[in-house]
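These are the residues of each chain, in order.
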Amino acid sequence: MSSVDSSGDGGKWLDAHYDPVAGLYTFSSCIDLADLSGDRESRLVVGDLGTGSSGMKLKVYRGTALISENSLLDLPAGLVAFFMDLHEPRIPAVAVASGPCIYVYKNLRPYFKFTLPSLDINPLEQDVWQQVREGQINPVMLKEMLESIRKKADIPLSVRSLRFLSLESDEMDEFVQLYKQQPIRRQTVITCIGTLKKSTADEDGISCLVIGTENSDIFVLDPEAFTILCKMSLPAVPTMMDVTGQFDVEFRITVACRNGSIYILRRESEKPKYCIELSSHPVGLVRVGKNMVVGCTDESLQGFTQKGKKLWKIILPAPVTTMAAMDLPTRGLQAVLVGLANCQVQLYRDKNLLSTIKTPDTVTSICFGRYGREDGTLIMTTKGGGLMVKILKRTAMFDDMDSTPGPPLAQSVRLNVPKKTKLYVDQTLRERENGLAMHRAFHMDLSRMRLAAARAYVKALESSLTPMSSSLSEPLKMNAVVQGLGPSFKLTLNVQNTASCRPIMNLAINFLYDDNLYRIRNPYMKIPLLVPGLIYPVETFVECTSDKGISDIIKVFVLHEEKSSPLLTAHINMPVSEGLVLS
């Protein structure tokens with residue numbers, strides 16, 4: 001492959017190949033990389049969706065050339081490469097999930113076909129079709145009876161009955177004559193597929209197939225006999241899955257379902273062990289180490305632990321179209337590739353943005369791994385059917401760029417919490433035994449404190465004991481400044497009208513103090529008209545007449561000339577007169 005420097009990604013990637021008219025229409029679940037010839041050169045295996053109704057094919061690329069092509073009977077729902085035996089040379093097989101079947105290819109040739117077991121048929125539906133077969137009822141009566149069964153029955157109708165109910169009146173007779181002699185079958189279809197190592201975690205170890213069905217079931221298949229080893233049930237239809245572990249030891253299956261939730265299944269449990277309820281539907285699910293990264297339809301990327309605890313959430317610049325894991329063991333890099341609808345592919349390690357790749361079209365599928373002899377190869381297909389291949393430079397360095405506001409990265413570092421002491425354990429036991437009484441006592445004290453605070457606040461408002469006026473017609477604010485060492489002090493009162501546009505007039509200031517300690521030059525002063533927003537300083541002098549070295553509080557009242565109750569009150573703590581003490 002010839003390579004040139006790419007643009008828009010910080011110079012970390014090389015453009016190895018771009019074919020805008022490759023005609024590949026696929027998703028990330030239908031694309032994989034595998035060494036299909038045993039020559040240590042990985043090929044690109046793609047399940048092409050074609051036009052959606054025709055042209056579905058299994059394509060294999062080597063480098064930039066298409067080397068193999070097989071037609072598929074139905075739309076592929078997923079594709080995986082896996083080792084199904086211990087034969088030499090070690091060449092993986094390719095399993096394609098399509099409709100109710102799994103088609104297994106070995107050496108790029110059809111090898112085996114597995115069909116899901118049929119579902120139970122509604123007995124009432126079977127009786128109705130039997131009556132049609134015997135000529136006891138006509139198509140009009142058949143339609144009425146099937147509609148009644150569909151509303152009341154617990155078991156859904158078969159595809160044949162549902163299709164018959166959707167027909168027009170003139171098409172019913174022909175449909176009945178064509179299908180009435182054939183047996184009824186109710187078949188589910190595969191929605192997602194994955195692989196699970198059977199007994200060893202080796203790269204070329206034998207793997208089991210894990211499939212999710214439209215009937216909300218998960219099946220684990222034996223890789224050699226293709227028998228069902230394990231069956232698990234889900235509350236909703238699975239759409240994406242991630243599998244880790246070994247079937248014979250311990251495994252964990254993480255499934256994203258159509259109801260907007262993620263379920264975690266473990267060995268020897270037929271029902272989900274954990275459930276994660278998302279705020280919006282998931283469109284991508286990738287495992288990074290022991291954590292899961294989920295892309296949602298609300299343009300967010302979220303991180304969870306394997307037990308379902310939420311770790312972080314970031315908002316993306318555009319809706320998510322596809323996601324894939326980027327695992328590069330040689331550099332110790334584990335990250336997530338996120339394809340966005342704004343023609344970008346962003347690389348995240350946890351919630352930190354590492355790199356952004358600009359693409360000429362919206363990306364629909366992403367696959368990262370070894371392609372040919374290059375370990376760090378990124379393969380993408382676009383909405384218009386294009387194929388892009390990029391190679392990670394050996395000199396590329398990724399630095400965490402925390403693109404989200406909030407606490408710094410150092411805050412997520414775990415603290416060295418000391419071990420539990422005996423005092424801590426005893427206190428925990430006491431709280432556990434007397435929790436109800438302690439909770440009641442706490443709420444009683446809290447209620448008393450709130451009541452006392454409310455009473456004091458009401459008393460302050462009624463007696464105008466606050467430095468801010470509670471009157472809506474005459475809103476005022478005042479603060480006081482005392483200057484000097486004594487025995488003479490300068491007292492400055494800064495009065496401000498906080499109204500928006502209404503002036504205040506006819507105000508006065510009065511002082512209340514101990515005559516044995518202080519003497520004020522002007523104990524009663526009139527205030528000029530107060531313009532809103534301006535601060536008016538009112539100055540006077542206070543003289544300390546006592547030589548005992550004590551101080552007291554001087555109360556300041558702002559009054560209206562026609563009212564006896566003050567608009568606001570301020571208490572001034574006077575300093576000790578140092579002049580008399582020194583003398």
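This is a predicted model, so every value here is computed, not measured.

## Digging into the packing of helix H1 (residues 123-133) against helix H2 (residues 139-152)
Packing of H1 against H2 leaves a shortest axis separation of 10 Å and a crossing angle of 175°. By the angle between their axes, H1 is roughly antiparallel relative to H2. Seen from H1, the contacting residues are Leu124, Glu125, Val128, Trp129, Gln131 and Val132; seen from H2, they are Leu142, Met145, Leu146 and Ile149. Of the residues belonging to the contact of H1 with H2, the class tally is eight nonpolar, one polar and one charged.

## Structural notes on a negative patch on the surface
A surface patch of like charges, here negative, comprises Glu168, Asp170, Glu171 and Glu174. Among the structural elements, Glu171 can be located in helix H4 (residues 169-179). The exposure class assigned to Glu171 is partly exposed, which follows from its relative accessible area of 39%.

## Concerning the packing of aromatic side chains
This structure, assessed with the given rule, holds five aromatic pairs. Relative to Phe226, the ring of Phe112 has its centre 4.6 Å away and its plane inclined at 20°; by these criteria the two rings are stacked. In this pair, Phe112 sits in strand S10 (residues 109-115) while Phe226 sits in the loop between strand S13 (217-221) and strand S14 (228-233), placing the two residues 114 residues apart along the sequence. When its relative accessible area of 35% is taken as the criterion, Phe112 is described as partly exposed. Consider the rings of Phe164 and Phe175, whose centres lie 6.0 Å apart with planes at 35°: the pair is tilted. Placement of the pair is Phe164 in helix H3 (residues 159-165) and Phe175 in helix H4, with a sequence separation of eleven residues.

## So, the sheet that holds S10
Strand order across the open sheet formed by four strands is S7-S8-S9-S10, with antiparallel pairing between neighbours. Sheet topology places strand S7 (76-82) and S10 at the edges, where each strand pairs with a single neighbour. Here the average twist between neighbouring strands, direction ignored, is 20°. As defined by bridge partners, strand S9 (residues 101-106) adjoins S10 across six bridges and the pair is classed as antiparallel.

## A look at the UniProt feature "domain: Bardet-Biedl syndrome 1 protein GAE" (unreviewed entry) in the protein chain
Those places that UniProt annotates as "domain: Bardet-Biedl syndrome 1 protein GAE" (unreviewed entry) correspond, in this numbering, to residues 476-578. The span residues 476-578 is 1% helix and 53% strand, and its two end C-alpha atoms sit 34 Å from each other.

Quick notes on the rules
Residues numbered from 1 in each chain as written. Predicted model: local features only at pLDDT ≥ 70, side-chain atom pairs only at ≥ 80, totals over all residues. Heavy atoms only, no water. Axes fitted to C-alpha atoms, helices over the stretch in contact; angles between N-to-C directions. Helix = DSSP H or I, 4+ residues; strand = E, 2+ residues; numbered from the N terminus. Parallel < 35°, antiparallel > 145°, perpendicular 65-115°, else oblique. Contact = heavy atoms within 4.5 Å. Nonpolar A, V, L, I, M, F, W, Y, C, P; charged D, E, K, R; others polar. Patch = residues over 30% accessible without salt bridge, like charges linked within 9 Å, V, L, I, M, F, W, Y side chains within 5 Å. Areas by Shrake-Rupley, 256 points an atom, 1.4 Å probe, with all protein chains shown as cover. Salt bridge = Lys/Arg side-chain N within 4 Å of Asp/Glu carboxyl O. Lys, Arg positive; Asp, Glu negative; His and termini not counted. Charge placed at Lys NZ, Arg CZ, Asp CG, Glu CD. Buried < 20%, exposed > 50% of the residue type's maximum accessible area, 1.4 Å probe, protein only. Phe/Tyr/Trp six-rings, centres within 6.5 Å; stacked < 30°, edge-to-face > 60°. Pairing = 2+ DSSP bridges. UniProt positions renumbered as here; feature names shortened; annotations may be inferred.

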